[in-house]
Amino acid sequence: MRIQAIEAESEIRATLHGCRELADRALGHWLARKSVGLPQSLVRAVSYSLLAPGKRLRPTLVMLACEAAGGQRDLALPAAVAVEMIHTYSLIHDDLPAMDDDDLRRGLPTCHKKFGEALAILAGDELLTLAFEVLAEGYPPAIAAVSVGELARGAGGSGMVGGQVLDLAAEGRIPGEARPTTAADLEAIHRRKTGELFVASLRLGAHAAGAEPNGKVLNALDAYGRKFGLMFQVHNDLLDVESDSDTAGKRVGKDAARGKLTYPGLLGIDESRRLARQLCDEAVTSVAGLGDAGKPLIDLARYVMDRKR
Ligand code: GRG
């Protein structure tokens with residue numbers, strides 16, 4: 001059993017490395033292709049944040065979902081790039097003084113610390129817009145149209161942006177919005193704020209492979225994405241309590257300092273760890289029916305549970 005776990009970990013490390021390399025190359029390619037004629041300051045700010053050393057977890061999910069649906073990794077690349085652009089825009093905007101006010105991201109000064117607030121806002125806007133352009137140019141029209149809808153749902157008010165509003169409301173910072181306080185509220189915040197973009201990543205990968213709408217693969221990926229997203233967030237809250245900023249590559253301990261609604265704050269550390277393990281098991285069960293094609297997703301969920309940043 002122990003040997004199997006060690007083998008699974010070394011396999012997923014190799015898979016993550018391969019996906020990260022592919023994603024980085026594709027990001028560089030699309031950035032170069034779409035930067036011609038743009039103001040150089042904008043290109044510098046966008047490149048700085050997008051090419052900073054992120055884990056490329058969402059692009060990896062796009063690629064693994066594409067393979068789980070029977071496609072080749074290459075097919076997933078435009079969608080992988082688009083999702084990473086949306087994710088990076090959200091990090092740039094989240095770090096702004098009006099939001100989470102952070103000065104360290106991916107081990108580097110945040111975009112607004114380096115380039116000023118106005119250009120950081122515009123770099124985020126550019127990434128948000130460019131993501132959809134990449135989908136439109138990267139796929140045949142039918143797949144592009146479905147993909148644009150998926151990404152908009154994951155990123156917009158029903159997903160990430162809506163979740164961010166509720167997250168700020170929990171800190172009492174959105175006038176007129178009820179203040180979320182319970183564990184159910186917290187789950188609803190994270191389902192939107194981080195979960196929906198994970199679900200969209202998986203669905204985009206399946207569409208790139210030409211998966212049947214509402215078929216077995218898409219349903220399994222949806223269930224996996226929901227559990228994976230929540231597990232990721234519970235674990236993220238734990239890292240904020242338990243890690244240090246050198247290891248995490250960002251400021252830690254800030255959630256409690258700001259009185260944020262978090263899993264360790266609501267449930268305690270031990271119960272949060274138990275919940276993260278349970279969600280991991282449920283994510284694994286969701287894709288067990290996909291056979292060998294789903295194995296990298298299983299190994300990824302277990303690996304992410306052990307991450308330190
Ligand atoms: C500003 C519209 C808007 C949304 C912001 C996702 C988000 C909403 C804010 C990020 C704040 C945060 C730290 C959330 C916790 C989960 C999370 C998204 C962590 C960062 O993702 P990783 O760990 O980062 O995948 P890397 O840098 O590896 O890509």
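Caption draft 1: Main features of the site of the ligand. Around the ligand sit 18 residues, and of these Lys55, Arg58, His87, Asp94 and Arg106 come closest. Contact between the ligand and Arg58: an oxygen atom at 2.8 Å from a side-chain N or O atom of the residue. Counting only elements with at least two residues in the shell around the ligand, the list comes to helix H4 (77-94), helix H8 (160-170), helix H9 (183-208) and helix H10 (216-242). When residues in the shell around the ligand are grouped by element, the largest group, 6 residues, is from H4. Along the lines of polarity and charge, the residues of the shell around the ligand split into 5 nonpolar, 8 polar and 5 charged.

Caption draft 2: Molecular detail of unusual backbone geometry. Located in the positive-phi region is Arg56, a residue other than glycine, with phi close to 60°. By the secondary structure assignment, Arg56 is in the loop between helix H2 (40-50) and helix H3 (57-68). If you check the backbone angles, Asn214 has positive phi at about 60° while not being a glycine. Relative to the helices and strands, Asn214 resides in the loop between H9 and H10. By relative accessible area, which is 66% here, Asn214 ends up exposed.

Caption draft 3: Examining the packing of helix H7 (residues 141-155) against H9 more closely. Contact pair H7 / H9: the axes reach a minimum separation of 8 Å and the direction vectors enclose 170°. When the interaxial angle is binned, H7 and H9 end up roughly antiparallel. For the pair H7 and H9, the contacting residues are Ile143, Val146, Ser147, Glu150, Leu151, Gly154 and Ala155 in the first and Glu196, Leu197, Ala200, Arg203, Leu204, His207 and Ala208 in the second. Across the contact of H7 with H9, the residue classes tally to 8 nonpolar, 3 polar and 3 charged.

Calculation notes
- Residues numbered from 1 in each chain as written.
- Predicted model: local features only at pLDDT ≥ 70, side-chain atom pairs only at ≥ 80, totals over all residues.
- Heavy atoms only, no water.
- Near = heavy atom within 4 Å.
- Polar contact = N/O pair within 3.5 Å; in protein donor to acceptor, adjacent residues only side chain to side chain.
- Helix = DSSP H or I, 4+ residues; strand = E, 2+ residues; numbered from the N terminus.
- Nonpolar A, V, L, I, M, F, W, Y, C, P; charged D, E, K, R; others polar.
- Buried < 20%, exposed > 50% of the residue type's maximum accessible area, 1.4 Å probe, protein only.
- Axes fitted to C-alpha atoms, helices over the stretch in contact; angles between N-to-C directions.
- Parallel < 35°, antiparallel > 145°, perpendicular 65-115°, else oblique.
- Contact = heavy atoms within 4.5 Å.

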